[in-house]
Amino acid sequence: MVEERAGKDYYVRGTFTRNNLDFGADVLHLAELGFDQISIEPVVAAKDSGFDIRKEDLKTVCDEYERLAKEYVNRRKNGKWFNFFHFMIDLEGGPCIAKRLRGCGSGTEYLAVTPEGELYPCHQFVGHKEFMMGNVFDGLNGNPIRESFREVNVYTKSQCNSCWAKFYCSGGCAANAWQFNKDIKIPYEIGCELEKKRVECALWIKAQEIK
């Protein structure tokens, strides 16, 4: 598959759940198969579904990110280069200030369109009729939820005010916030903790690279 990409960009994408918190082994296995652009994401599953990452799992997951970061650096130094999406960090440029403040722009900068033509803030809100914003035939329907999305940024989320990583995650995913807290302004706590650990690892990796 890598050869067939002929140098074009790609990512091998996977998801880890509570059943495989040793996801670093999956990342390294993919690297050994020859894939050098890898993204393995934590599942965002319903509470008590059996797949969901829980508070008691955080130390295990964070420790796994640290182990993976160390192996990541070792392999790069030894000529076994691969890229892990969550360890990418741009300290000199990075997203523009608007992106750092607002994140993905769901409900304002883009919409998800269903096969029936319905418009939603993003694909994760599809099917939740309170979030339907119109359709491709008649346009936007005036749903006030659009204004709610327009108001969301890291400064309108009280939990983000004291967070050192807020400009790296832009306050997190609105869909995740709504799924767990029924409020797009209250971030998904597990996601926050994992994001901070990933940024911490990415900064450590950057420090190793510039030594």
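Bear in mind that the values here come from a model prediction, so they are computed numbers and not experimental data.

1. Some remarks on the sheet that holds strand 4 (residues 112-113)
Part 1: Spatially, the four strands line up as an open sheet ordered 4-5-6-7, and their pairing is antiparallel. Strand pairing shows two members of the sheet lacking a second neighbour, strand 4 and strand 7 (139-140), which therefore form its edges.
Part 2: When strand 4 meets strand 5 (residues 118-120), the two strands line up antiparallel, connected through two bridges. Note that in strand 5 the partner of Ala 112 across the bridge is Tyr 120.

2. Some words on the packing of helix 2 (residues 23-32) against helix 3 (residues 58-77)
Part 1: With their axes 8 Å apart at the nearest point, helix 2 and helix 3 run at an angle of 25 degrees to one another. In this view, helix 2 runs roughly parallel relative to helix 3, as classed from their interaxial angle. Across the interface between the two elements, Phe 23, Gly 24, Ala 25, Val 27, Leu 28, Ala 31 and Glu 32 from helix 2 touch Val 61, Glu 64, Tyr 65, Leu 68, Glu 71 and Arg 75 from helix 3.
Part 2: Residues of the contact of helix 2 with helix 3, tallied by class, amount to eight nonpolar, one polar and four charged.

3. Digging into the packing of helix 3 against helix 8 (residues 189-209)
Part 1: Two elements in contact, helix 3 and helix 8, have axes separated by 10 Å at closest approach and are oriented at 20 degrees. Considering the angle they form, helix 3 stands roughly parallel to helix 8. Relative to helix 8, the crossing made by helix 3 is right-handed. Along the contact surface, helix 3 presents Leu 58, Val 61, Cys 62, Tyr 65, Glu 66, Ala 69, Lys 70, Tyr 72, Val 73 and Arg 76, while helix 8 presents Ile 190, Glu 193, Leu 194, Lys 197, Arg 198, Glu 200, Cys 201, Trp 204, Ile 205, Gln 208 and Glu 209.
Part 2: The residue inventory of the contact of helix 3 with helix 8, partitioned by class, reads 12 nonpolar, one polar and eight charged.

Cut-offs used in this document
Residues numbered from 1 in each chain as written. Predicted model: local features only at pLDDT ≥ 70, side-chain atom pairs only at ≥ 80, totals over all residues. Heavy atoms only, no water. Pairing = 2+ DSSP bridges. Helix = DSSP H or I, 4+ residues; strand = E, 2+ residues; numbered from the N terminus. Axes fitted to C-alpha atoms, helices over the stretch in contact; angles between N-to-C directions. Parallel < 35°, antiparallel > 145°, perpendicular 65-115°, else oblique. Contact = heavy atoms within 4.5 Å. Nonpolar A, V, L, I, M, F, W, Y, C, P; charged D, E, K, R; others polar. Left-handed = near helix turned anticlockwise from the far one by under 90°.

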